[in-house]
Structure formats: structure tokens, C-alpha cells
Amino acid sequence: MRLIQELGDWFDLRLQLQTPIREIATHPVPRDTASWLYVFGSAAITCFMLQLVTGVLLALIYVPSAGEAWNSLQTLNHGVSLGWFIRALHGWGSTFMVAIVLIHMVQVFLFGAYKFPRELTWIVGVLLLLVTLGMAFTGQVLRFDQDAYWGLGIGASIASRIPVIGPWAVNLMLGGPIIAGTTLSRFFALHVFVVPGLLIAFVGVHLLMVLKLGINEWPMPGRIVRRDTYLQEYREMTHTKGVPFVPNAVWKDILFSGFILAAIAVCAVRFGPFGPGGQPDPTIIQTAPRPDFFFLWLYALLSFLPPSAETPILLIGPALGIVVLVVLPFVAGEGEKSWRRRPIAVLTILLVAVALGTLTHLAEHAPWSPVMDAWSSQPIPAEYLEGRTALERHGALVFQAKQCHNCHSLNNKGGQRGPALDSVALRLTEDQLIRQVIQGGGNMPAYGKNLSPAETTALVAFLKTLHPANQKPASNASQTVALGLSEESPR
Amino acid sequence: MSAEKGMSRRAALMKVGVLLNSVVGVLLAVPIVRYLLSPVTREKKSGYESWLSLGRLEQFPAGQTRLATYRNPLVNDWDGETGNIACWVRRVDDQTFQVFAINCAHLGCPVRWFPQSSLFMCPCHGGAYYQDGSRASGPPERGLFQYRYKIDDGKLLIKAGEMPTPGQPVANKAGGCQTCA
């Protein structure tokens, strides 16, 4: 025991760290911040530590070369003992890290922590969010599979729309004329050196400010932040009524971080590593690229924006979002902190959460994408064919052979790009069906050049049978009268 | 007085030092920036594109659209499969072709050809194109990108080498094309 003490003294005489560390550990914090809602920041750092360690471990095997990366990932998954587990930890660690950073951000926003004097802490936090998302995107590229390859193509297509410098931005992003070895190398440099360097620097500044300015107190409705009185009030809360950070508050941080690490490990064991998917061979075009979970909302948004507004929204939207976040503490630097008295703040969070959640959910199903193999793999349900005439059945064949099924579903099978056709005969008369098939319209291509008159006749005959048995199909009333047909005409 | 003088001399020397470092910094920054911009400046110098063979004309029957692949003209040894690029070749008649980029004009995903319905469909956001490459439906703002082509010694050649993007469609850069939608 005495030996340890002497050894400690020997080091401290030279390092002189004991006093500052003790001061940091025991600095007083407001009593009510020793809360389970104040653990997300430390948990995010814990995730980052895990990412650093597992990242270095992966770099022992991974080859950042376009020709070899995919093979080295296969080696990690199958050839190196527990390589799959390290990959899984890194992948799930990134998912948890993004999620916790977002939760942390929501918490400090709802608790008014960005108000005076912590404006800069918030702004650095915004930078940390961007850098974290940057890590997630560049990491997804390093998993160099089909999704990564075509994801880069999407990134390049977006970059190319920047006015004037677009084409240069593409070459700069790809490191050359196409997505290839130089592209992977620069994303490797970004993911392994540049972005983590920024992340470490920003985390350092962020933490320093939390220590210097003190943790945000638990907001009470009616306790108003004013620039001229706040510092005095905060001093009161910490130095007279406060508690030392260690051990009063820190035990919750430690427990939660441990819980998060355990959760990541459980997910890694249970669900395994992410991919890699198919080989990054651009001549294999039988692929439907999808981004990782945290960019799914963007993928959905890109299919819903009207074409004419897409470029401006894509280029201005993110910049505007960042500006709003950065300006926030200057616009609302004083006043109520409690979310109970800030309904607009709460509604904003709800709106953003519902929007992102909905877009993410939609992107998991991608109803806007044609189901590329529906025409050959998903047969027309038997009940749609029973008791039909030869012409109508031939129409069903045309429906399959011309890939109508890729975009239109029958009995919930097939694509959802266009409307389901189970009851199309209720909505459209025969003439309207013919017009729609031949001329297209809405969001449907025109099939006039691709269908012979006989095929069109057969297809429309089939479509006219698509209505519930107990409901009459649509008919042109004026035509019925003019032709003197009875209301009870067949089908 | 002399102490002040000494201080000012040291301060002056410090300024000289700062100046020296600034000059060296700028001198170093120039090659660093040029190095970083090399993907852009190279393109300015000689261009990325050149004429490439897609194969003999017999491989492309008239009236049909077929997938063709080529090796990008500018590749490194370690590019592996990423140096192979695919494109769609439509032979309209004996001497007339259309060579479409594989990349959707919306966001660059690989479009697939469906001969039965004579449509190109994109798996990402549902863009669709007619057989002549013109836009049929979905989010794309324009038709498929087209490569310039020529027929030489019984072979189909295209001018290619750079990934076409909405901001830099190959055909437009090559001086316009007649059939682009």
C-alpha cells in the first residue's frame, strides 16, 4: 500500500494532475441534475470510445482499396476469429451513437440548455451532430458493397447540382471521374483521420465548456433566465445548495454507459454485423440500393419532392437547418427554460420526430419503387381468373408480360408505385381505361407504342373485371342513355 | 530604456519569425491545394473521356436494347471491378444507335431495361424512361444520359470515361445531341 502511495506521489510530482483532476471530479453541480435524464452526453462519449477501439481493431485487417475492401470484409466476417463480432460492435456502436446524440440533443433543447451562457456549447454540439452524421455516412461507404457504391452515386448526383461548381465538386468528392479506388481512399482518410480528429477536438471544447460554465440546472417553470442575474443564481444553486459531481451524479452516468455498452454487445451478438451486401461491381445492375437506417428519411424525401423543387430544397434545406440550429441560442438566449412553458419547442420536436419517423417507415417499404420482379415472380391471384373469358384471361397475361404488376398491386401483391387495381373498374369506365393505358398520365408511362390493339383490348377487358362482385363497375351514363342500353347490361 | 529597447528588438524578431512562418505557410499551401484539387485540374488539362469500344456491331441486333460493359479509360491497378462500367445500347436501325448511361438521371442508380414493356425502370425512386431514353414518369427531370458514339471498323465506339450526373450529363458536354429528351 505504501509502495503504491509512493509511486503515485512520484508521478504526481512530475505530472501535477492530482489537484486538477480532484477539482474536476468534485466540482459542485445543482442537486437536481443528478438525474437519469442527464446521462446521454456521457453515454455518447462512451459510444465514441467504443468506436475508437473497435475502429482501430478493424483497421488491422481492413484494406481500403476498391479492389480488395469487399474481400477484406469477408475475411473479417468469416476468416478472422471473432472478426464478425468486432464489425458488429462497430456497426451497432454507430447506430447507438447517432441515436444517443439525437436523444441528447432533444433533451438539452427541451431543457433550454442552449440559453445564456451556454450558446457556444450548443453550437459546438450542433457541429458534433454534423460530425457524427459524417462519421455514419463515411463509415457506410467503407463497407464497400453495392449500397455503398450506388450511395456514392447518389451523393455525387446531389453534389453535381450545386450551381457553377457542381461538376468540380463531383470530381473532388470522387477523387476522379468515376467511383473507384481513389474514392474509397479519400473516404477512408475522412473516416479514419479527418472526421474523428474534428470529433475529438469538438468533444474537448464541448466538455471544457460544460466544466467551466457548469451543467444546465433542472429547469423550473417560472425561473426565467436573465443575462444580468443568471450567473449569480447559478452560483447559488451550485456552491451553496449543490452536490459534488463525484459521486452524487456520476454513478448514474457510469451505470447508464455500462447499460448502453451491454446493449450494443447484445445487439452485436444477436443480430451480427451489417453486411457487406453484394460486391461493388457496377456491371451487376440487379440491385436496389438502400442507405443505412439514419439516412432512410432522406431517401424517402428524395422520392417525394416535386422534380422542379428538388434541387433548391436539397441544396438550401440542409444549410437552412444548420443556420436555424446555430441561430437558436441568439434568438432565444433568455427566458423560460422549462419545456412546460415552451409549447412551440415541444411541438417542434414532435413535428420533427413524426416527420422523420414517417419518412423512415416509408423508406423501409419504399412504395415508390417498382417491384422489379413482380411480373415474373408474383402470379395474379386465382380468384381474379376464375370464370373469366378467354379474352379476359389473355388480358391478365398481358398485364403480367408488360410488367404492369411491377407498379400496380393485385390482392396486395406487386408494386405500389401506382394505385392498386383490385377495384379499378369501379373508378374508370372502359373508355377511361383505354385512354389511361394508351396515353398514360398522372405518373404512368404511356403504353400506346408498346401494346398492339389486340393486347390493349384484352388488357382492358381484364381490367374491367376488377371490381367487387357486389358492386357495379363504372359506366358512362350519357353513353348508356344514348345507346339505349338497359341499366342491367351485363358486367 | 535599454530594457524596453531589448524587448522591442525581441518583439521585432518575433514578428520576423511570424512573418517567415506565414510566407513558408503560403508557399506550402500552394502545392497542397494543387494536390487536393488534382481531380479537378487534371480534367481541365486533358479531360477524362476517350473513345472506347463496346464490341462488334453484330452483338447489337437491330431493334433491341442490350447491356454492354467497358473498362473505364482512366483506372488504377487497385480499382478492381469498380473500373468496369455498364451502359445500355439500343440499335435503332443499321447505322443508328443510342447508348444510354446506366445511371438514372435522377440520382444515379442503375436503371434496368424491360424489353416486354419497352421501359427503363429505376429501383431507387421509381423513375421510368421510354425505349428512346425520354422520361416516362417519376422524379427524373430529364431523359437518360446518352454517350456520343461512332462506328469504326465494324465496332461500336462511345466517348466515355466520366460518371454522368445531372450537373454534367455526358451528351450535353459533348456538344448536344438530337434525341435527348
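A. Broad picture of the overall build of chain A. Check the secondary structure of chain A and you find 20 helices and four strands. The C-alpha radius of gyration of chain A comes to 30 Å, more than 25% above the 23 Å expected for a compact globule of 491 residues. The principal-axis extents of the C-alpha atoms in chain A amount to approximately 105 × 60 × 45 Å. Among the 491 residues that make up chain A, the fraction classed as buried is 36%. For chain A, restricting intrachain contacts to residue pairs at least 6 apart in sequence, the fraction spanning at least 24 positions comes to 78%.

B. Local environment of the sheet that holds strand β1 (residues 50-56) of chain B. Residues and elements named next belong to chain B. The strand order across the open sheet built from six strands is β1-β10-β9-β4-β3-β2, with neighbouring strands paired in antiparallel fashion. Each edge of the open sheet is held by one strand with a lone partner, namely β1 and β2 (65-71). Going across the sheet, the axis of each strand differs from the next one's by a mean of 35°, ignoring polarity. As paired strands, β1 and strand β10 (residues 155-160) are joined by six bridges and run antiparallel to one another. Directly across from S53, in β10, lies its bridge partner L157.

C. Structural context of unusual backbone geometry. Residue and element names in this part refer to chain A. Cis peptide bonds are those with omega within 30 degrees of zero, and the linkage from V246 to P247 qualifies with 5°. Within the secondary structure layout, P247 lies in helix α11 (residues 245-271). P276 follows G275 through a cis peptide bond whose omega is 0°. With respect to the helices and strands, the residue P276 is situated in the loop between α11 and α12 (296-304). A positive phi angle, near 65°, is found at Q403, a position not held by glycine. Counting through the fold element by element, Q403 comes out in the loop between α16 (390-401) and α17 (424-427). Positive phi values are uncommon outside glycine, yet N411 reaches one of about 55°. Summarising the element assignment, N411 is placed in the loop between α16 and α17. Using a count of 14 C-beta atoms within 10 Å as the deciding quantity, one classes N411 as partly exposed.

D. View of the domain arrangement of chain A. Domain annotation for chain A reports domain 1 (24-365) and domain 2 (374-482). Between domain 1 of chain A and domain 2 of chain A, the C-alpha centre-to-centre distance is 47 Å.

E. Just the domain arrangement of chain B, in detail. Parsing chain B into structural domains produces domain 1 (2-36) and domain 2 (47-173). Computed from C-alpha coordinates alone, the two centres of domain 1 of chain B and domain 2 of chain B are separated by 55 Å.

F. Focus on helix α4 (residues 69-79) of chain A. All names here are of chain A. All buried positions along α4 are accounted for by A69, W70, S72, L73 and L76. When α4 is viewed along its axis, its buried side chains cluster within an angular range of 165° and face the same direction. In this structure, α4 carries H78 and G79 as exposed residues pointing more than 90 degrees from its buried face. Where α4 is buried, its residues meet α3 (40-59), α5 (83-110) and α9 (181-213).

G. Examining the confidence of the model for chain B more closely. Looking at chain B, the pLDDT average stands at 85 and 87% of residues meet or exceed 70. Across the interfaces of the predicted complex, the ipTM metric reaches 0.88, alongside a pTM of 0.89.

H. Seen up close, the interface of chain A and chain B. Taken together, the contact between chain A and chain B spans 50 residues of the former and 49 residues of the latter. Among the residues forming the side of chain A that touches chain B, the class breakdown is 26 nonpolar, 19 polar and five charged.

I. Looking closely at the environment of F145 of chain B. In this structure, F145 of chain B sits in the loop between β8 (135-137) and β9 (146-152). Separated by 45 residues in sequence, F145 of chain B and F100 of chain B have C-alpha atoms that sit 5.7 Å apart.

What counts and how
- Residues numbered from 1 in each chain as written.
- Chains lettered and ligands numbered in written order.
- Predicted model: local features only at pLDDT ≥ 70, side-chain atom pairs only at ≥ 80, totals over all residues.
- Helix = DSSP H or I, 4+ residues; strand = E, 2+ residues; numbered from the N terminus.
- Rg over C-alpha atoms; globule rule 2.2 N^0.38 Å.
- Buried ≥ 20, exposed ≤ 12 C-beta atoms within 10 Å, placed from the backbone.
- Contact = placed C-beta atoms within 7 Å.
- Pairing = 2+ DSSP bridges.
- Axes fitted to C-alpha atoms, helices over the stretch in contact; angles between N-to-C directions.
- Domains from an automatic or database assignment.
- Arc of directions from axis to C-beta.
- pLDDT = per-residue confidence, 0-100.
- Nonpolar A, V, L, I, M, F, W, Y, C, P; charged D, E, K, R; others polar.

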